[in-house]
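# Breakdown of the fold
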Amino acid sequence: MIHLSETAVSELLRLRSRSLASAANLRLGVRPGGCAGLVYSLTFDDRVATDDQIFDGDRLPVVINRQDLEYLRGLTIDYSEDLMGGAFQFRNPQATSTCSCGTSFAVSS
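Bear in mind that the values here come from a model prediction, so they are computed numbers and not experimental data.

### Some words on the sheet that holds strand β6 (residues 76–82)
With respect to topology, 3 strands assemble into an open sheet ordered β1-β6-β7, the strand pairing being mixed. Two strands bound the open sheet, and with one partner strand each, they are β1 (3–4) and β7 (85–91). Sheet analysis places β1 next to β6, joined by 2 bridges and oriented parallel. The residue bridging His-3 from the neighbouring strand is Thr-76, located in β6. Seen against the sheet, helix α1 (residues 6–18) touches β1, β6 and β7 and runs at an angle of roughly 75 degrees to β6.

Below, the structure is given as structure tokens:
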């Protein structure tokens, strides 16, 4: 199960409305990178592959490749703004460590 806070959904819907893919799903994934080894990927995509799983993200369908799902199970995404700007925050129960900036994570093998 993936959880999106109301503020994350609102910001993602705002971003999607400004993109060329205004009717697309949110594609959530991971890729190698960052200090800890893996980084989160958020894109809009109108394709759904046979190895994708779709979650209800409260007005925003979330598509995750089954391979990435193992790293994201139980993930909570929030969004907040301050004087420095806005950012998504990821709380991942699968992560065994994170970098100090919170954008990359590692899992035990």
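### Things to note about the confidence of the model for the protein
When pLDDT is averaged along the protein, the result is 90; 97% of the residues meet or exceed 70. Confidence, read as mean pLDDT per element, is least for strand β8 (residues 97–98) in the protein (86) and greatest for strand β5 (residues 61–65) (95).

### Topic: the sheet that holds strand β4 (residues 52–56)
The mixed open sheet is built from 6 strands, whose spatial order is β4-β5-β2-β3-β9-β8. At either end of the open sheet lies a strand with only one pairing partner, and these are β4 and β8. Note: β8 against strand β9 (residues 104–106), 2 bridges, orientation antiparallel. In the sheet register, Thr-98 faces β9, and the bridge partner there is Phe-105.

Calculation notes
Residues numbered from 1 in each chain as written. Predicted model: local features only at pLDDT ≥ 70, side-chain atom pairs only at ≥ 80, totals over all residues. Heavy atoms only, no water. Pairing = 2+ DSSP bridges. Helix = DSSP H or I, 4+ residues; strand = E, 2+ residues; numbered from the N terminus. Contact = heavy atoms within 4.5 Å. Axes fitted to C-alpha atoms, helices over the stretch in contact; angles between N-to-C directions. pLDDT = per-residue confidence, 0-100.

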